[in-house]
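# A closer look at the structure
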Amino acid sequence: EEKMDDTRVSLESKLEKEVGSLKVELEGVGDDVKGIAKVQGDVQTAVQDMETQMNALGNKLEHSTSQLSRANQGINLLCNVVAENLGGKKREGRDLSTLYEELIAFTESAVDAIQHFPGLSRPAS
């Protein structure tokens, strides 16, 4: 009976050591899982930041394209006013004062449009 008790105690001791080792290993796995979750969160945040930046760049590109088209329209109008000033008072039935008024209205609307774009402001007069 004493030998059985010694064997039982010995087995319990070995079992406790094994369970203890298993607990330590599981704690290590838990720490690894936490580390992976943190890295995953960091990657997700970085991806969201890139998406936000790409959307902002897309909006700026769209606005720039619109402004370029508007600038080309203004250059054409300005060239017409200059050509009329050098070449006479009428062009296709329109007199110089009408072209000049159209140029002034265009310029004012272009400056107003620039004010509505984030990050830009109307130049000081």
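Just so we're clear, the structure is a prediction, and the values are computed from it rather than from any experiment.

## Details of the confidence of the model for the protein
- On average, residues of the protein score 79 in pLDDT, and 78% of them reach the 70 mark or higher.
- The secondary structure element of the protein with the lowest average pLDDT is strand β1 (residues 90-91), at 54, and the one with the highest is helix α1 (residues 2-87), at 86.
- Between residues 120-125, whose pLDDT stays under 50, and residues either more than four places distant or in other chains, the model counts seven contacts.

## Considering the pattern of salt bridges
- Summed over all chains, the structure comprises three salt bridges.
- For R8, the salt bridge identified is with E12, shortest N-O distance 3.1 Å. Taken as a pair, R8 and E12 lie in helix α1 at a separation of four residues, close to a single helical turn.
- Judged by its relative accessible area of 43%, R8 is partly exposed.

## Some details on the nonpolar core
- Of all hydrophobic cores here, the largest spans five residues; its members are L77, V81, L99, L103 and F106.
- At the level of elements, α1 and α2 (96-115) are the ones that each hand at least two residues to this core.
- Examining the composition of this core, we find that three residues originate from one element, α2, more than from any other.
- Not counting residues up to four positions away in its chain, the partners in contact with L77 are L99, E102, L103 and F106.

Conventions we followed
- Residues numbered from 1 in each chain as written.
- Predicted model: local features only at pLDDT ≥ 70, side-chain atom pairs only at ≥ 80, totals over all residues.
- Heavy atoms only, no water.
- pLDDT = per-residue confidence, 0-100.
- Helix = DSSP H or I, 4+ residues; strand = E, 2+ residues; numbered from the N terminus.
- Contact = heavy atoms within 4.5 Å.
- Salt bridge = Lys/Arg side-chain N within 4 Å of Asp/Glu carboxyl O.
- Buried < 20%, exposed > 50% of the residue type's maximum accessible area, 1.4 Å probe, protein only.
- Core = buried A, V, L, I, M, F, W, Y, C linked by side-chain atoms within 4.5 Å.

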